[in-house]
Amino acid sequence: MSAPSEPRAGRTKGLVVALSKAGRTKIRYSAELVRDDGVRVTVRAPWAAPGVRDFGFVRFEPGDVLTEHYWRDRWFAVKEVRTGDGRLKGWYCDITRPAVLADGVLAVEDLDLDLWVSADGASVLRLDEDEFEESGLAGRDPAAAGAAVRALDDLERLARTEGLTALLG
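A brief look at the structure comes next. (Residues numbered from 1 in each chain as written. Predicted model: local features only at pLDDT ≥ 70, side-chain atom pairs only at ≥ 80, totals over all residues. Heavy atoms only, no water.)

Our next topic: helix H3 (residues 142-160). Here H3 contains 19 residues, and its C-alpha end-to-end distance of 27 Å stays within 8% of the 27 Å for a straight helix at 1.5 Å per residue. Ala144, Ala145, Ala147, Ala148, Ala151, Leu152, Leu155, Glu156, Leu158 and Ala159 are the residues of H3 that are buried. Buried residues of H3, viewed axially, fall in a sector of 165°; they line one side. Facing away from the buried surface of H3 by more than 90 degrees, the exposed residues are Pro142, Ala143, Arg150 and Arg160. (Helix = DSSP H or I, 4+ residues; strand = E, 2+ residues; numbered from the N terminus. Expected span 1.5 Å × (residues − 1). Buried < 20%, exposed > 50% of the residue type's maximum accessible area, 1.4 Å probe, protein only. Arc of directions from axis to C-beta.)

As structure tokens, this is what we get:
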């Protein structure tokens with residue numbers, strides 16, 4: 001585990017977020033370390049994928065900025081999505097194994113399940129449950145599959161009651 005750190009005013013510390021899925025790297029991108037308290041790592045990065053990604057309920061596009069929260073002891077990541085001018089679009093939550101930060105790389109394994117929460121909290125959508133079933137994780141690693149489903153349930157319950165800002169505060 002890396003030592004907690006908090007960049008000083010005017011100084012930023014870069015790292016690389018490496019998101020893998022099914023044993024393969026899905027995407028790697030540079031991010032600015034905002035805070036690391038030893039349990040939660042928060043980074044900020046521009047939308048890293050090429051072009052626009054239209055999910056139907058939200059569009060991720062060049063200029064968007066994501067403030068991403070990863071935990072070393074929880075099975076999810078919460079990504080606050082804002083336009084370039086700061087308007088909140090909502091939160092995209094990935095169900096993942098706990099994050100590992102070492103040697104400037106934040107490694108995260110995506111477990112297929114996702115949750116979207118709109119900026120006003122009115123829309124809470126469970127996503128990719130079919131992909132999760134097709135992944136075969138339940139057969140290969142039943143404990144991880146159970147932790148993933150519990151994490152999705154917990155995030156959805158929080159989003160529908162207190163809201164995700166209660167988690168991120």
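More follows now that the structure is in view.
The subject of this paragraph is unusual backbone geometry. Even without being glycine, Asp103 reaches a positive phi, approximately 55°. Relative to the assigned elements, Asp103 resides in the loop between strand E9 (100-102) and strand E10 (105-118). The phi dihedral of Asp128 falls on the positive side, at around 65°, and the residue is not glycine. You can see Asp128 is positioned in the loop between strand E11 (124-127) and helix H1 (129-135).

The next subject is the packing of aromatic side chains. Overall, the coordinates contain 9 aromatic pairs when judged by the stated rule. Among the aromatic residues, those joined into a ring-pair cluster are Trp47, Phe55, Phe57, Phe60, Tyr92 and Trp116. (Phe/Tyr/Trp six-rings, centres within 6.5 Å; stacked < 30°, edge-to-face > 60°.)

Another point: the pairing of strand E6 (residues 65-71). Counting buried positions along E6 gives 6 out of 7 residues, so the element sits mostly inside the fold. Bridge count between strand E3 (residues 40-46) and E6: 7 bridges; the pairing is antiparallel. Residue pairing in the sheet places Arg44 in a bridge with Thr67 of E6. Across 6 bridges, E6 lies against strand E7 (residues 76-82) in antiparallel orientation. Bridge pairing in E7 places Glu68 opposite Lys79. Taking the residues between adjacent antiparallel strands as the criterion, E6 and E7 are bridged by 4 residues. (Pairing = 2+ DSSP bridges.)

The subject of this paragraph is the pattern of salt bridges. As enumerated under the stated definition, the model contains 17 salt bridges in all. Between Asp112 and Lys21 there is a salt bridge; the shortest N-O distance is 3.0 Å. Taken together, the positions of Asp112 in strand E10 and Lys21 in strand E1 (residues 13-21) put the pair 91 residues apart, joining distant regions of the chain. On the basis of relative accessibility, which here comes to 10%, the residue Asp112 falls in the buried class. For Lys21, a relative accessible area of 22% corresponds to the partly exposed category. A salt bridge links Arg97 to Glu109; its shortest N-O distance comes to 2.8 Å. Taken as a pair, Arg97 in the loop between strand E8 (88-96) and E9 and Glu109 in strand E10 lie far apart in primary sequence, 12 residues in all. Salt bridges here are not isolated pairs; linked through shared partners, they connect Asp54, Arg59, Glu61, Asp64 and Lys89. (Salt bridge = Lys/Arg side-chain N within 4 Å of Asp/Glu carboxyl O.)

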